[in-house]
Amino acid sequence: MGVFQPEVSHDSQSSSRSFALRLKQVNPRVLSLAGVVSIIIALIILLYVHGQGIKEITLVIDGKVQKLETREALLSNVLAKEQISLQPHDALSIGLSDEIKDGDRVVINRAQAISLTADGATKTLYTTEDTIGQAIDKLGISLESYDKIYPSLETAVTADMKVKIVRINKQVVQRTASLPFRVIKTADPSLTKGTVRVAQAGKPGVMVQHIEKIYRDGKLASMRMVGKEVQTVTKDKIIAVGIKALPKPAVATVTSKPATTSKSSKVNANSNNVVTKAGVDFEYKRVIKNVSMTAYSSEEPGIGTRTASGTRVTEGRTIAVDPNVIPIGWWVYIEGLGFRRAEDTGGAIKGNKVDVYYDSLSHARNFGRKSRTIYVIGPVKPELN
């Protein structure tokens, strides 16, 4: 009896060998892919652990530096944990939602409140700038060329500081002023004594003054004259005074003399200090010779239009004197100039020195320095006889 042998299929042996071959080819690829995935997962875990690790940051608040160690990821969480509060106008170097990293430097500038008064209104503003100039520039507040700010732009900003801006406007306007004419008396040999005649009628001149007006916040604060020119020249009034001797009467009879002659004779009888100047007979108190004379003008800086005696400076009348030499309010006669009144004083006017007033600064400077004889008259100005 024969032995039964299991049938061996050719196909079965071939399939087994093919599967084994494929397994040998696939396993290295799967292992490589698994290794890469494992490395990525490990890196993610390491990054997460690193992110959750301790980070050291530098926190600067209003210039004060402090070091912090934290495990927080966001700046907002760090500030909350450290109980550091922020105001709406505070400035941060990074955003609250930004992720912080080890070694980061975070700067916080606290906003300061300032009270600003400008253009008729007062309001509270907030700034993180260091100086007032930087603050108003950052806040978009403009300053014109003449505007003033108190305190100054270089002043450091402090909490609850009060700042005021004064708006300055300048305006130049024209104003006309009348120039009084002078009365000049001249000797006329064709007229007899006691006779006067108007040789030329006087006519006032016109001066145009340029006045600068300064307004502070819309209100007139000051005004000053910055220039002037003569529009119409003054025409002086000229009076001719007779100096011709009266004819002697042919018959010796008693006649009445003119009042002016009697007055003159009375003056001559009572005093020897009588002279005739510019056709006027007057008595003087004393004569001062070799008086040093200069001139001044209200156009000079620091020279006003009011005299020491309270009168207004007037060309052709006002002079400055030493009250110890010529009393204030007294009239004098100056050789070559005429009658003047002592109305003003000056720090440099001492002794036999006189300052003559002129409206024009150029005329005052052209006057230079002269030496004149002065007749001191008294408080009453001499008039025609």
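Right above here is the structure, for reference.
The following refers to the structure shown. Source: prediction; values computed, not measured.

On to the overall build of the protein chain, then. Check the secondary structure of the protein chain and you find 5 helices and 22 strands. Residue burial in the protein chain is summarised as follows: out of 385 residues, 28% are buried. Sequence separation of 24 or more characterises 63% of the internal contacts of the protein chain that already satisfy a separation of 6 or more. For the protein chain, the accessible area works out to roughly 25,300 Å², and carbon and sulfur atoms hold 53% of it.

Below, the discussion takes up the sheet that holds strand E22 (residues 370-378). Around the barrel, which closes on itself, the 6 strands sit in the order E17-E21-E18-E20-E19-E22 with mixed pairing between neighbours. Strand-to-strand twist of the sheet, defined as the mean angle between neighbouring strand axes without regard to direction, takes the value 45°. Of the pairings in the sheet, the one linking strand E19 (residues 331-334) to E22 comprises 4 bridges and is antiparallel in character. Residue pairing across strands places Ile334 opposite Ile374, the latter belonging to E22.

So, on to the pattern of salt bridges. By the definition in use, this model includes 11 salt bridges. Between Arg167 and Asp147 there is a salt bridge whose closest N-O contact spans 2.7 Å. Of this pair, Arg167 sits in the loop between strand E8 (161-166) and strand E9 (168-179) while Asp147 is found in the loop between helix H3 (132-138) and strand E7 (148-150), placing the two residues 20 residues apart along the sequence. As far as burial versus exposure is concerned, Arg167 and Asp147 are alike and both buried. Among the salt bridges present, the one from Arg197 reaches Asp188, with a minimum N-O distance of 3.3 Å. By relative accessible area, which is 42% here, Arg197 ends up partly exposed.

Turning our eyes to something else, we now look at a positive patch on the surface. A cluster of basic side chains, namely Lys148, Lys164, Lys170 and Arg216, defines a positive patch on the protein surface. Turning to its location among the elements, Lys148 is positioned in strand E7. Owing to a relative accessible area of 43%, Lys148 belongs among the partly exposed residues under this scheme.

Before going further, it helps to examine the sheet that holds E9. The strand order across the open sheet formed by 3 strands is E9-E12-E13, and the pairing between neighbours is antiparallel. Lying at the two open borders of the sheet, with one neighbouring strand each, are E9 and strand E13 (219-232). Direction aside, neighbouring strands of the sheet carry axes that sit 20° apart on average. Pairing geometry for E9 and strand E12 (residues 205-216), over 12 bridges, is antiparallel. The partner of Leu179 across the bridge, within E12, is Gly205.

Before going further, it helps to examine the side chain of Asp147. Among the residues examined, Asp147 registers a relative accessible area of 12% and is labelled buried. Among the polar contacts listed, one links the side chain of Asp147 to the backbone nitrogen of Glu144, at a separation of 2.9 Å. Within the local environment of Asp147, its side chain forms a polar contact with the side chain of Arg167, the two groups lying 2.7 Å apart. Those residues in contact with Asp147 that sit more than four places away from it in its chain are Val166, Arg167 and Ile168.

Our focus in this paragraph is the nonpolar core. In summary, soluble globular proteins display a tendency toward joint burial of nonpolar side chains. One finds Met293, Ile319, Ile326, Val332, Val354, Val356 and Ile374 to be the most contacted residues of the largest nonpolar core, which totals 18 residues. If you tally residues by element for this core, the top one is strand E17 (residues 286-296), at 4 residues. Setting aside anything within four residues of it in sequence, one finds Ile319 in contact with Val332, Ile334, Arg340, Arg341, Ala342, Glu343, Asp344, Val354, Asp355 and Val356. Judged by nonpolar contacts, the second largest core, of 12 residues, contains Leu116, Ala118, Ile132 and Met161.

As a further point, take the pairing of strand E2 (residues 64-70). Note that strand E1 (residues 55-61) and E2 share 7 bridges and pair antiparallel. Looking at the pairing, Ile57 lines up with Leu68 of E2. Hairpin connection, E1 to E2: the antiparallel pair is bridged by 2 residues, and Asp62 has positive phi, about 55°.

Let us look at the environment of Lys55. Position of Lys55 relative to the elements: it lies in strand E1. Judged by relative accessible area, which is 7%, Lys55 ranks as buried. In this structure, the C-alpha to C-alpha distance between Lys55 and Glu72, residues 17 residues apart in sequence, is 8.1 Å. Not counting residues up to four positions away in its chain, the partners in contact with Lys55 are Leu68, Glu69, Thr70, Arg71, Glu72, Ala73, Ile100, Lys101 and Asp102. At 3.1 Å, the side chain of Lys55 and the backbone oxygen of Glu72 are in polar contact.

Now for the packing of aromatic side chains. To describe a pair of aromatic rings, you give the distance between the ring centres and the angle between the ring planes. Under the definition given, this model contains 8 aromatic pairs. Measuring from ring centre to ring centre gives 6.0 Å for Phe282 and Tyr333, while their planes differ by 40°; the resulting arrangement is tilted. In this pair, Phe282 sits in strand E16 (residues 280-283) while Tyr333 sits in strand E19, placing the two residues 51 residues apart along the sequence. Residues Phe282 and Tyr333 agree in their burial class; the two are buried. In textbook terms, an aromatic cluster arises when at least three aromatic residues are bridged by ring pairs, as seen for Phe282, Tyr284, Tyr333, Phe339 and Tyr375.

So, how was this worked out
- Residues numbered from 1 in each chain as written.
- Predicted model: local features only at pLDDT ≥ 70, side-chain atom pairs only at ≥ 80, totals over all residues.
- Heavy atoms only, no water.
- Helix = DSSP H or I, 4+ residues; strand = E, 2+ residues; numbered from the N terminus.
- Buried < 20%, exposed > 50% of the residue type's maximum accessible area, 1.4 Å probe, protein only.
- Contact = heavy atoms within 4.5 Å.
- Areas by Shrake-Rupley, 256 points an atom, 1.4 Å probe, with all protein chains shown as cover.
- Pairing = 2+ DSSP bridges.
- Axes fitted to C-alpha atoms, helices over the stretch in contact; angles between N-to-C directions.
- Salt bridge = Lys/Arg side-chain N within 4 Å of Asp/Glu carboxyl O.
- Patch = residues over 30% accessible without salt bridge, like charges linked within 9 Å, V, L, I, M, F, W, Y side chains within 5 Å.
- Lys, Arg positive; Asp, Glu negative; His and termini not counted.
- Charge placed at Lys NZ, Arg CZ, Asp CG, Glu CD.
- Polar contact = N/O pair within 3.5 Å; in protein donor to acceptor, adjacent residues only side chain to side chain.
- Core = buried A, V, L, I, M, F, W, Y, C linked by side-chain atoms within 4.5 Å.
- Phe/Tyr/Trp six-rings, centres within 6.5 Å; stacked < 30°, edge-to-face > 60°.

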